[in-house]
Amino acid sequence: MNMQQMMIQAQKMQRELNKAMDELHNKEFTAKKAGLITVGVMGDKTISEITIEPDAFNAEDKEMIEEMLISTINELIEQINAEEEAINERITGKSGGLGF
């Protein structure tokens, strides 16, 4: 493969990667914990929703609710990171993307 063909292939892969990442960034990931907390995180890792059921509002449950929120948000970020990794591997054949 000559240099021009390699550049064309790299540009094609970059376009595919950009499109896939744009789609991921617009996708919402949602998780629910203990039936009390629902958290939504967009693929760009911005939080889109936090819902706490009324049954969760007891003063003695404050720490548990905070821990569930942290756990749920971290779980969603891990899901997004795994999907990013899968997109990179699918398009570029490497886990780190094209490295541009």
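What counts and what doesn't
Residues numbered from 1 in each chain as written. Predicted model: local features only at pLDDT ≥ 70, side-chain atom pairs only at ≥ 80, totals over all residues. Heavy atoms only, no water. Pairing = 2+ DSSP bridges. Helix = DSSP H or I, 4+ residues; strand = E, 2+ residues; numbered from the N terminus. Core = buried A, V, L, I, M, F, W, Y, C linked by side-chain atoms within 4.5 Å. Buried < 20%, exposed > 50% of the residue type's maximum accessible area, 1.4 Å probe, protein only. Contact = heavy atoms within 4.5 Å.

A. Structural detail: the pairing of strand E1 (residues 28-33). Where E1 meets strand E2 (residues 37-42), 6 bridges bridge the pair, whose relative direction is antiparallel. Within E2, the position partnered with Lys32 by the bridge is Thr38. What sits between E1 and E2 in their antiparallel hairpin is a turn of 3 residues, with Ala34 showing a positive phi close to 55 degrees.

B. Expanded view of the environment of Ile77. Within the secondary structure, Ile77 is located in helix H2 (residues 62-92). Along the primary structure Ile77 and Val41 are separated by 36 residues, whereas in three dimensions their C-alpha atoms are 7.7 Å apart.

C. Molecular detail of the nonpolar core. By size, the foremost hydrophobic cluster in this structure holds 20 residues, and its most contacted members are Ile37, Val39, Ile65, Leu76, Ile87 and Ile91. Elements with a contribution of two residues or more to this core: helix H1 (3-25), E1, E2 and H2. Take this core: its biggest share by element is 8 residues, from H2. Beyond its immediate sequence surroundings of up to four residues, Ile37 is in contact with Ala31, Lys32, Thr51, Ile52, Ile65, Met68 and Leu69.

On their own, these measurements won't tell you what the molecule is for.
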